[in-house]
Amino acid sequence: MAPRKAPEIMYCENRFCAGCGHPIFDRILGEVLTEMDIIEDTIMCSDIGCNHQFQFCMRVDTIVPPHGKMGAALTAQKKVRPDKYAITIAGDGGAYAIGLGETMAAATRNENVTFFVMNNTVFGMTGGQMAPTTLIGQKTASTPAGRSAEANGQDFDVVQVMRNLDIAYLARTSITSPGNVAKTKKMVRKAIEKQRDNKGFSLVEVLVPCPTNWGMTPVNAMKHIDEVISKRYEMGEIIDR
């Protein structure tokens, strides 16, 4: 069977490390925006980090706020242009570390915006340091002996923090298999449809591999998500209002 052609919104070759999960998600989002026919009505908010590369591969209007300030930027963007879709692709570091205050503020106000957060359990772009999502025992550039709860605190689970909030949609998924890619695409579309229907805040966290900073082959990195990370972090649709 011939491979499916990438949608026209995607206009260049992959810019990411071999085996990275970010470009798989970018392709998913590009397909959804194309199929919903909302490319011209979408303004993407680009956080600083590996995810920032999407704007060099995708024909869509983009703004770039300071690192971690996507919640504030999306809120302002939506209020100024309520006729446009306000969407961000963020990293787990930007969304849950430096940007946690802005992310939570947008959620607690149930702002009508959409977050897609790529969780690879490290700060990928700057050398693989510990992120809020780094698992206990996981070795990183800044925790060479493994993350310790006593020294570094527990890993951060956005589902546990947001599950009781009055928001439109909260889900966690992955891109480790064709079946999971299909599930992710359905969640991405549903999250955007919540904004279309003025339901409020949506966040979809996507577990993605970082073979470079994990020190794994791309195949083993995918297995690591299925066998280890997804066992720690609850998967599926958590809130769907």
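Everything that follows concerns the structure shown earlier in this document.
Given the structure is predicted, the values throughout are model-derived calculations rather than measurements. (Residues numbered from 1 in each chain as written. Predicted model: local features only at pLDDT ≥ 70, side-chain atom pairs only at ≥ 80, totals over all residues. Heavy atoms only, no water.)

J.: So what's going on with the overall build of the protein chain? Which residues, and what values?
T.: A tally of regular secondary structure across the protein chain gives nine helices and nine strands. At 17 Å, the protein chain has a C-alpha radius of gyration in line with the 18 Å of a compact globule built from 241 residues. Projected onto its principal axes, the C-alpha positions of the protein chain cover 50 × 45 × 30 Å. The buried share of the protein chain, taken over its 241 residues, is 54%. When contacts within the protein chain are restricted to residue pairs at least 6 apart in sequence, those whose partners lie at least 24 apart make up 67%. About 10,600 Å² of surface is accessible on the protein chain, with carbon and sulfur atoms providing 54% of the total. The protein chain carries 27 positive and 26 negative side-chain charges, and their two centres are separated by 2 Å. (Helix = DSSP H or I, 4+ residues; strand = E, 2+ residues; numbered from the N terminus. Rg over C-alpha atoms; globule rule 2.2 N^0.38 Å. Buried < 20%, exposed > 50% of the residue type's maximum accessible area, 1.4 Å probe, protein only. Contact = heavy atoms within 4.5 Å. Areas by Shrake-Rupley, 256 points an atom, 1.4 Å probe, with all protein chains shown as cover. Lys, Arg positive; Asp, Glu negative; His and termini not counted. Charge placed at Lys NZ, Arg CZ, Asp CG, Glu CD.)

J.: Describe in detail the packing of aromatic side chains, supporting the description with residues and values.
T.: Inspection of every chain in the model, using the stated rule, returns three aromatic pairs. Taken together, a centroid distance of 5.4 Å and an interplanar angle of 55 degrees make the contact between Phe25 and Phe116 tilted. Of this pair, Phe25 sits in helix H1 (residues 22-35) while Phe116 sits in strand E4 (residues 114-119); the two residues are 91 residues apart in sequence, bridging distant segments of the chain. Taking relative accessible area as the criterion, Phe25 reaches 0% and is therefore assigned buried. Taking the centre distance of 5.5 Å and the plane angle of 40 degrees together, the rings of Phe115 and Phe201 count as tilted. Residue Phe115 is located in strand E4, and its partner Phe201 is located in the loop between helix H7 (178-196) and strand E8 (202-207); the two are separated by 86 residues in the primary sequence. (Phe/Tyr/Trp six-rings, centres within 6.5 Å; stacked < 30°, edge-to-face > 60°.)

J.: Give a description of the sheet that holds strand E1 (residues 42-46) that names residues and reports values.
T.: Ordered by their spatial adjacency, seven strands build an open sheet running E2-E1-E3-E4-E8-E7-E9, and the pairing between neighbours is mixed. Strands at the two margins of the open sheet, each flanked by one partner only, are strand E2 (61-63) and strand E9 (236-240). Pairwise comparison of adjacent strand axes, ignoring direction, gives a mean angle of 20 degrees for this sheet. (Pairing = 2+ DSSP bridges. Axes fitted to C-alpha atoms, helices over the stretch in contact; angles between N-to-C directions.)

J.: Describe the side chain of Asn119, listing the residues and the values that go with them.
T.: Along the chain, Asn119 falls in strand E4. Overall, the relative accessible area of 1% leaves Asn119 in the buried class. Within polar-contact distance, the side chain of Asn119 engages the backbone nitrogen of Thr121 at 3.0 Å. A distance of 3.1 Å separates a polar atom in the side chain of Asn119 from a polar atom in the side chain of Glu205. Not counting chain neighbours up to four residues away, the residues in contact with Asn119 comprise Asp92, Thr133, Glu205, Val206, Leu207, Val208 and Tyr233. (Polar contact = N/O pair within 3.5 Å; in protein donor to acceptor, adjacent residues only side chain to side chain.)

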